[in-house]
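Descriptive analysis of the structure
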Amino acid sequence: MKNMKGGVAVVTGGGSGLGKAMALEAARRGMRVVIADVQPEAMNAAVEELRAGGAEAFGVLTDVTSAASVDTLAEAVERQFGPANLVFNNAGVASGGPIWESTENDWKWVFAVNVDGVANGVRTFTPRMLAAAAADPVYQGCIVNTASMAGLVTGPGMGIYSVSKHAVIAISECLYHDLDLVGDQVKTAVLCPSYVSTNISQCYRTRPADFANDSGPTKSQLATQAISAKDLANGSLTPAEVASITFHAIEAGQFYIYPSPELLPIVKNRLDHIVDGSNPDIPYEDIPMFKERRDRLKEALAS
């Protein structure tokens, strides 16, 4: 996708973190921007920041777990700006710890946001973008789904989050193949960042009461949260840097977007074991952050 100026970018989870960075980068490229978020304060602040920078922007309070809410978002976008050119299915939450300690509500919440949220975005916007392509031979569109390097590797304590992000990569790959059947004006890409300095570790603030647990987190879940918060704070890339990398990749027509390619040997190690049929194995001595995670979790489980 080359021509972004004057186009329309829609970003779920656009009020903060990676989503906000994507929105700001879209505005820098002359796009009109729609911020979709479940938190009205963050959404409104992001919209005001975009407008202060000279961008055309508005916000739509959106719960990506609701198909009806995402439909309302799409209708508002087309009513105000016309067809979307870039759709970032970016909203996400995190949960970790030993996988057997995750409750039914943990599973329901993480999958509702991370998987259903992406599926709702794909289901809602793809037909509209294909219709725009059919009506205009110069129309270009791209759907970008935010997965994670956790969607390509597994490790101790990564739990439901890793499972959900594997699903996002599968959704994205299936969408890629399906879009290839109907033309080349609408594309898709999957973003797989590693640790980035965002506030996803505070995502529990948006957890609905329907998905609340009766008791607090376990010792090992708390240990995982502490490790993740530390790794996020020490992320090698800022959200703005990831956004810049992402837009360059979209322009180049890349499907897999790896802001931290230095981690790809971990992915290859895993895939080699899958192909060989050998048991999963992580080279902990070569991956300090995985080693620390393993050691901290061992201590928590033993206490």
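Small disclaimer: the values here were computed from a predicted structure and weren't measured.

On the basis of which strands lie adjacent, the open sheet formed by 7 strands has the order 3-2-1-4-5-6-7 and parallel pairing. Two strands in the sheet have a free side with no partner beyond their single neighbour: strand 3 (57–61) and strand 7 (256–257). Bridge count between strand 1 (residues 8–12) and strand 2 (residues 32–37): 5 bridges; the pairing is parallel. The residue bridging Thr 12 from the neighbouring strand is Ala 36, located in strand 2.

Moving on to the nonpolar core. Counting residues in each nonpolar core, the largest one holds 53 residues, and the members touching the most others are Val 10, Val 34, Leu 73, Phe 125 and Phe 290. Put simply, the parts of the chain that give this core at least two residues each are strand 1, strand 2, strand 3, helix 3 (67–80), helix 4 (104–135), helix 5 (159–179), strand 6 (186–191) and helix 8 (264–276). Here the element with the most residues in this core is helix 4; it accounts for 10 residues. Beyond its immediate stretch of four places on either side in the chain, Val 10 contacts Val 34, Leu 73, Val 77, Ala 84, Leu 86, Val 87, Phe 88 and Phe 125. Core analysis: the next-biggest nonpolar cluster, separate from the first, contains 32 residues, Val 144, Ala 189, Val 242 and Ile 257 among them.

Right, let's talk about the environment of Val 122 for a bit. Here Val 122 lies in helix 4. Val 122 gets classed as buried once you look at its relative accessible area, which sits at 13%. Between the alpha carbons of Val 122 and Asn 145 there is a distance of 8.9 Å; along the sequence they are 23 residues apart. Excluding residues that lie within four positions of it along the chain, Val 122 makes contacts with Asn 89, Pro 127, Asn 145, Ile 171 and Leu 175.

Rules and cut-offs
- Residues numbered from 1 in each chain as written.
- Predicted model: local features only at pLDDT ≥ 70, side-chain atom pairs only at ≥ 80, totals over all residues.
- Heavy atoms only, no water.
- Pairing = 2+ DSSP bridges.
- Helix = DSSP H or I, 4+ residues; strand = E, 2+ residues; numbered from the N terminus.
- Core = buried A, V, L, I, M, F, W, Y, C linked by side-chain atoms within 4.5 Å.
- Buried < 20%, exposed > 50% of the residue type's maximum accessible area, 1.4 Å probe, protein only.
- Contact = heavy atoms within 4.5 Å.

Scope: geometric values only; no functional claims are made or implied.
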